[in-house]
Each structure stands twice: as structure tokens, then as C-alpha cells.
Amino acid sequence: MLKILVLLIYFFAKGNANECIPRSFGLNRIVCVCNATYCDGLPNEEPNVPQDGSSFWYVSNRAGLRLKRTTVTFKTCQNSLLDVQLSLDPSKTYQRILGFGGAFTDSTGINIKKLSEGAQKQIIRTYYHPKTGSRYTIGRIPIGGTDFSTRPYTYDDVNGDVHLKNFSLQYEDYNYKIPFAKEALQLNSEVKFFSSSWSAPPWMKTNDRINGFGFLRREFYQTYANYLLRFLREYKKNGLNMWAITTGNEPFDTYIPFDTLNTMGWTPYTMAQWVGNNLGPTLAKFNNSTAILALDDQRFNLPWYMDGVYSDKKAQTYIIGTAVHWYGDPITSADVLDETHYNNPDKIILMTEACTGYLPLDTKVVLGSWDRGEQYMRSILEYLNHWAVGWVDWNLALDKQGGPNWINNFVDSPIIVNPETDEFFKQPMYYALKHFSRFIDRDSIRISITATDSSLQYTAVVTPSKEVVVILYNGADVSRSVSIRDPQKGCLHLELSPYSMNTLKYRQ
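Residues numbered from 1 in each chain as written. Predicted model: local features only at pLDDT ≥ 70, side-chain atom pairs only at ≥ 80, totals over all residues. Heavy atoms only, no water.

1. Remarks on the overall build of the protein
A count of helical and extended segments in the protein gives 11 helices and 21 strands. Counting only C-alpha atoms, the protein reaches 70 × 55 × 40 Å along its principal axes. Burial statistics for the protein: of 508 residues in total, 62% are counted as buried. For the protein, the proportion of contacts with a sequence separation of at least 24, taken over those separated by at least 6, is 73%. When the accessible area of the protein is evaluated, it comes to approximately 19600 Å², of which 52% is carbon and sulfur surface. Here the protein carries 51 positive and 50 negative side-chain charges, and the mean point of each set is 5 Å from the other. (Helix = DSSP H or I, 4+ residues; strand = E, 2+ residues; numbered from the N terminus. Buried < 20%, exposed > 50% of the residue type's maximum accessible area, 1.4 Å probe, protein only. Contact = heavy atoms within 4.5 Å. Areas by Shrake-Rupley, 256 points an atom, 1.4 Å probe, with all protein chains shown as cover. Lys, Arg positive; Asp, Glu negative; His and termini not counted. Charge placed at Lys NZ, Arg CZ, Asp CG, Glu CD.)

Right, dumping it as C-alpha cells:
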């Protein structure tokens with residue numbers, strides 16, 4: 001088997017550097033296998049866009065294509081009997097895009113370090129390289145421990161240390177977070193990092209625990225702001241500036257009985273008080289340019305939670321927008337994102353955490369699951385079409401169990417490591433995200449796109465380089481004939497394969 005794999009690697013490397021080396025784990029379950037010397041990706045020499053009058057068309061589908069590129073030509077638009085006709089209107093614009101990315105958790109670093117040095121670098125390249133990789137431009141870095149750590153910890157677990165004399169970064173920072181985040185930044189200087197704390201040190205909280213029903217004690221509001229400032233300074237010393245910091249991961253988890261996840265609760269009122277009187281002024285006083293994102297929790301908290309926070313004018317001046325997670329999306333309409341935007345149109349919305357396999361009865365890791373890739377594709381399209389400026393995945397890499405995780409809260413990830421053979425597997429979730437991140441540059445502007453049929457999901461942007469990017473998902477079990485009408489170019493006629501992700505890119 002090993003000899004066959006080596007021959008395949010040689011064949012594909014010599015023939016076409018873009019080819020996936022597939023491995024099947026069952027019906028509709030294909031991964032692409034990477035190792036220290038080979039990983040599929042768009043070739044370095046690829047032009048950004050084709051000649052004027054044509055468009056590149058990238059396809060991934062359930063049948064096994066992974067970002068397969070062809071070129072299609074614009075034709076004169078005619079009335080037709082095609083299944084779906086889409087029309088672009090570049091004059092009608094919406095939000096400016098920030099980017100896409102994932103989280104440098106302890107578990108991510110632990111799993112990457114199980115591989116050889118060559119394979120480790122390959123994982124970071126496959127996400128952050130601006131040409132051959134996914135071109136991620138965002139990285140989320142936890143402040144202290146999360147459930148995706150091997151132990152519960154903060155940076156100052158010495159009771160009553162109000163002057164933070166015992167504050168220190170931990171082994172996990174120096175071995176699992178900082179090295180890989182710096183490697184990503186070296187690959188792509190456009191990467192912006194943001195950080196989130198799951199909990200203050202337990203001695204600052206009302207329940208003296210890392211989890212459970214606990215809130216920050218009012219006498220420690222300033223101490224905790226100082227604690228977060230210390231984190232920002234220590235990471236800056238290690239070569240990593242934080243573009244933003246959130247007010248804390250999932251504060252509503254504190255209200256869930258018997259939940260063991262690291263958490264600390266906030267109400268809209270207490271969050272606004274702390275940001276307006278402590279965190280915001282502290283960052284400003286010490287000339288720290290790190291922005292503040294509020295909430296960092298499910299969208300069923302919208303818009304009422306952020307309306308409450310923004311009603312405090314002092315807090316509002318320090319907060320640039322809302323961080324939201326996807327886990328409550330099945331029970332909450334995306335319309336709440338629109339309401340949140342319209343209530344405060346000068347603030348951004350960023351989706352900051354998503355993963356599959358999180359429900360109690362889910363199989364945690366399903367290698368090659370197309371269904372889970374489809375979930376990512378549909379979610380990213382929905383968020384972009386409802387004012388989100390970006391979409392950030394959870395763990396960049398996990399093991400075949402979906403961990404490690406100190407409370408056994410295992411989930412799936414776009415990349416799963418297989419240290420026994422020094423390989424890693426790129427799942428359909430990885431390609432779903434790449435259909436956006438690789439082609440939508442930072443500061444792209446979403447434009448209007450409408451259709452004669454609601455069976456497809458789609459979005460469109462114009463990049464700063466004046467390139468049009470259109471992304472379509474055909475979730476039907478049959479092919480769909482599609483026409484895309486650009487008022488300046490004409491029409492592109494496409495036959496979308498069943499269960500297919502499609503990205504088109506051409507000169508405006």
C-alpha cells in the first residue's frame with residue numbers, strides 16, 4: 001500500500017500540482033491525503049484571473065472533485081429555458097469583507113506537533129499560504145485554556161493576586177500557540193489575530209470556579225482588564241499583535257446547568273459597564289490599538305443583547321462590533337443578523353466560531369463527510385448575505401477522536417491528523433471554506449446578486465483589484481443549468497453538478 005501511495009504522489013506531483021490524492025472512508029466520504037512532501041493546492045504560477053471575456057470556474061463536489069479549475073467564456077445573453085438565471089448588479093453594494101480563518105487552540109498545536117516537521121509546516125501552509133493554500137487572513141487565539149486544552153488553566157491561578165505578580169504565559173502558549181501563529185504570519189503578512197478569554201482566573205469570580213454559574217466580581221473589574229492587557233503585551237513581546245479582543249467566549253454557557261465548559265457569565269448591563277469603565281479605558285490609556293468585539297456567543301442573543309450593550313454610550317464608543325457563533329443557528333433565523341446591522345450600521349458582525357459534530361448524539365469525527373462540508377458552505381453563504389464581514393472556523397486540526405479535550409467535548413475539524421503514517425486528511429469542510437477564503441480578498445465589497453429560482457445559494461463580491469467573485473452551491477441531487485448575467489460582460493452558462501460548490505472569478 002505504501003509503494004502505491006508513493007507512486008501516486010510521484011505521478012500527481014509530476015503531472016498536476018493541483019490534484020487531490022483521495023482516500024475513501026465510505027459512500028460520499030472522500031478526504032485528500034497530505035504528508036511532509038506533498039499536498040494538493042493551487043499552483044504558484046496560476047494567474048489571478050483569466051483573460052478578459054472569460055472566467056475561471058472552480059468546482060468541488062460530492063463525486064470527488066476538489067477545486068477543479070476550468071475556463072468558461074462570456075456569451076451574449078439571451079432568453080433561455082435554463083433552470084436558474086442569476087443577475088449581478090455591481091452598483092448595489094453591501095459590507096466590506098474582513099476575511100476567513102481558524103483558531104490556534106492548544107489541541108490544534110498538540111495535534112500538529114504529533115507530525116514530522118515537514119508535515120507540520122505543510123498544515124500551516126495549506127491554511128495560510130496566500131497562493132497555494134487557503135489564504136486565511138484571520139487567526140483566533142484563546143487567552144489561557146479552553147475545553148480544547150488538556151487541563152483547565154488561566155495565566156494567574158494564585159488566589160488574591162490583585163497586582164498580577166504571578167501572571168505568566170504557559171507552556172501551551174510557547175509550544176502550541178505562538179510558534180504556529182507566527183508561522184502563519186510569516187506566510188501571510190495580512191493575517192489579523194483576535195483573542196478570546198473563556199474565563200477570568202477563578203478567584204476573580206463569584207463561584208471561584210473555571211466553569212459553572214459564575215460571574216466576574218465587581219471588585220475585580222479593573223483587575224481583569226489589567227489581566228487582559230498583560231496578555232496583549234506578552235503576546236506582542238513574542239511577535240504577535242492582536243487586532244481585536246472579544247468580551248469573552250460564550251457567556252451564556254454559564255446559565256446551562258451542569259455544563260463543564262470553561263465559562264464566565266455577562267449580562268448586557270454588566271458587559272457594558274465593564275467595557276465602558278474598565279476594559280475600553282484601560283486599552284486606550286496604554287495606547288493599545290486592539291479593538292473590542294462584544295458577545296462572542298450564539299445569534300439567538302441578537303439583536304436584544306447588543307441593543308442592551310450599545311444603549312450604554314460609553315461602551316458603544318469602544319466596541320467595533322458583534323462576534324457571533326453558529327451553534328444556535330438551526331433555531332434562529334438569519335434575520336437577526338440583519339436587525340443587528342440595521343440597528344447599528346456602523347458596527348461589524350463577525351462569525352467567530354463554528355464546528356460540526358458538536359451535538360451530544362453526533363459521531364464526533366466523520367472522515368470525508370460531504371454533508372458536513374455542505375453545512376459549512378451553506379453557513380458561510382448565509383452569513384455573508386446577512387452582513388457578516390467574515391467567518392472563522394474553530395480548531396485548525398484535531399485527531400481522529402476529535403480532541404484532545406479535557407472535558408471530552410470532542411468535535412470534528414476540516415483537518416484531521418494521522419500521526420501513525422505522518423499524514424493529515426483535508427475534509428470537505430476544508431474545501432468549503434477555501435472556496436471563499438482563497439478568492440475573496442480582504443476589503444472586497446459584497447454586491448447584489450438575484451436569481452429567478454431559490455433552489456441555489458449564492459453570493460458575489462468585487463475585490464479591491466476589480467475582480468468579480470461569484471460563489472454558488474447546488475445542493476440538489478441533479479445537475480442545474482445556470483446563467484449568470486453581468487451587465488458589462490454578458491452571460492456565463494454553467495452546468496452545476498449535483499451537490500457542488502462553485503467559485504467563479506473574472507475581471508470586472
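There is more to say after this.
2. A few points about the pairing of strand 3 (residues 54–61)
Most of strand 3 is tucked away, with 8 of its 8 residues classed as buried. Taking the residues between adjacent antiparallel strands as the criterion, strand 3 and strand 4 (residues 68–73) are bridged by 6 residues, where Gly 64 takes a positive phi near 130°. In the sheet, strand 3 pairs with strand 21 (residues 500–507) via 6 bridges, with the strands oriented antiparallel. Opposite Tyr 58, over in strand 21, you have Thr 503 as the bridge partner. (Pairing = 2+ DSSP bridges.)

3. With respect to the sheet that holds strand 13 (residues 388–395)
Spatially, the 8 strands close up into a barrel ordered 6-7-8-9-10-11-12-13, and their pairing is parallel. Neighbour-to-neighbour, the strand axes of this sheet turn through a mean angle of 30°, independent of strand direction. Direction of pairing for strand 8 (residues 192–197) relative to strand 9 (residues 242–246): parallel, over a ladder of 3 bridges. When the bridges of strand 9 are listed, Phe 194 appears paired with Ala 244. The strands touched by helix 10 (residues 370–384) within the sheet are strand 6 (99–103), strand 11 (319–325), strand 12 (348–353) and strand 13, with strand 13 carrying the most contacts at an inclination of about 150°. (Axes fitted to C-alpha atoms, helices over the stretch in contact; angles between N-to-C directions.)

4. Comments concerning the environment of Leu 42
Relative to the helices and strands, Leu 42 resides in the loop between strand 2 (30–34) and strand 3. The sequence separation of Leu 42 and Asp 441 amounts to 399 residues, and the corresponding C-alpha distance is 16 Å. The contacts of Leu 42, once residues within four sequence positions are left out, are Asn 18, Tyr 58, Leu 67, Lys 131, Thr 132, Lys 434, Arg 438 and Phe 439.

5. Thoughts on the pattern of salt bridges
Pairs can form between side chains of opposite charge once their charged atoms are near each other. This model, assessed by the stated rule, comprises 22 salt bridges. As a salt-bridge pair, Lys 114 and Asp 399 come within 3.7 Å of each other at their nearest N and O atoms. Residue Lys 114 is located in the loop between helix 2 (106–112) and helix 3 (117–128), and its partner Asp 399 is located in the loop between strand 13 and strand 14 (415–418); the two are separated by 285 residues in the primary sequence. Overall, Lys 114 belongs to the partly exposed group, its relative accessible area being 38%. Residues joined in a network through salt bridges with shared partners are Asp 83, Asp 453 and Arg 480. (Salt bridge = Lys/Arg side-chain N within 4 Å of Asp/Glu carboxyl O.)

6. What about the nonpolar core?
Counting residues in each nonpolar core, the largest one holds 118 residues, and the members touching the most others are Phe 104, Leu 216, Phe 231, Trp 274 and Trp 391. No other element matches helix 5 (residues 221–237), which puts 9 residues into this core. Membership of the second largest hydrophobic core comes to 23 residues, among which are Trp 57, Val 72, Val 468 and Leu 494. (Core = buried A, V, L, I, M, F, W, Y, C linked by side-chain atoms within 4.5 Å.)

7. A word on the side chain of Arg 446
Secondary-structure assignment places Arg 446 in strand 16 (residues 445–451). For the buried residue Arg 446, which engages in no salt bridge, the nearest side chain bearing the opposite charge is Asp 338, 6.4 Å off. Polar contacts involving the side chain of Arg 446 include one to the side chain of Gln 95, which spans 2.9 Å. In terms of polar contacts, Arg 446 uses its side chain to reach the backbone carbonyl oxygen of Leu 384, at 2.9 Å. With residues near it in sequence (within four places) discarded, Arg 446 still touches Lys 92, Thr 93, Tyr 94, Gln 95, Leu 384, Asn 385, Trp 387, Thr 459, Ala 460 and Val 461. (Polar contact = N/O pair within 3.5 Å; in protein donor to acceptor, adjacent residues only side chain to side chain.)

8. Focus: unusual backbone geometry
Along the chain, Leu 302 connects to Pro 303 via a cis peptide bond; the corresponding omega equals -5°. As for its placement among the helices and strands, Pro 303 is situated in the loop between strand 10 (291–298) and helix 7 (304–310). With omega at 10°, the peptide bond leading from Gly 403 into Pro 404 counts as cis. For Pro 404, the position within the fold is in the loop between strand 13 and strand 14. Even without a glycine there, the phi angle at Arg 135 is positive, about 65°.

9. Here's the deal with the state of the cysteines
In total, this model carries 3 disulfides according to the counting rule given. In this model, Cys 34 is linked to Cys 39 through a disulfide, with the two sulfur atoms separated by 2.1 Å. The disulfide joining Cys 34 to Cys 39 has a torsion of about 60° about its S-S bond and is therefore right-handed. By the burial criterion, Cys 34 is buried, and Cys 39 matches it. Here the protein pairs its bonded cysteines, counted in sequence order, in the arrangement 1-2, 3-4, 5-6. (Disulfide = S-S within 2.5 Å.)

10. Structural notes on the sheet that holds strand 1 (residues 22–24)
The antiparallel open sheet is built from 4 strands, whose spatial order is 1-2-15-14. Looking at which strands have only one partner, the edges of the open sheet turn out to be strand 1 and strand 14. When the angles between neighbouring strand axes are averaged without regard to direction, this sheet yields 35°. In this structure, strand 2 lies alongside strand 15 (residues 423–426), joined through 3 bridges in antiparallel fashion. Across the sheet, Cys 34 pairs through a bridge with Phe 424, a residue of strand 15. Most of the contacts of helix 3 go to strand 15, to which it runs at about 20°, and overall it touches strand 14 and strand 15.

11. Thoughts on the environment of Gly 145
Its location among the elements puts Gly 145 in the loop between strand 7 (138–143) and helix 4 (171–187). Taking the C-alpha atoms as reference, Gly 145 lies 36 Å from Asn 28; in sequence the two are 117 residues apart. Residue contacts for Gly 145: discarding those within four places in its chain leaves Tyr 153, Trp 198 and Asn 262.

12. A short note on helix 9 (residues 335–343)
Within the span of helix 9, buried status applies to Val 336, Leu 337, Asp 338, Thr 340 and His 341. Contacts made by the buried residues of helix 9 are with strand 11, strand 12 and helix 10.

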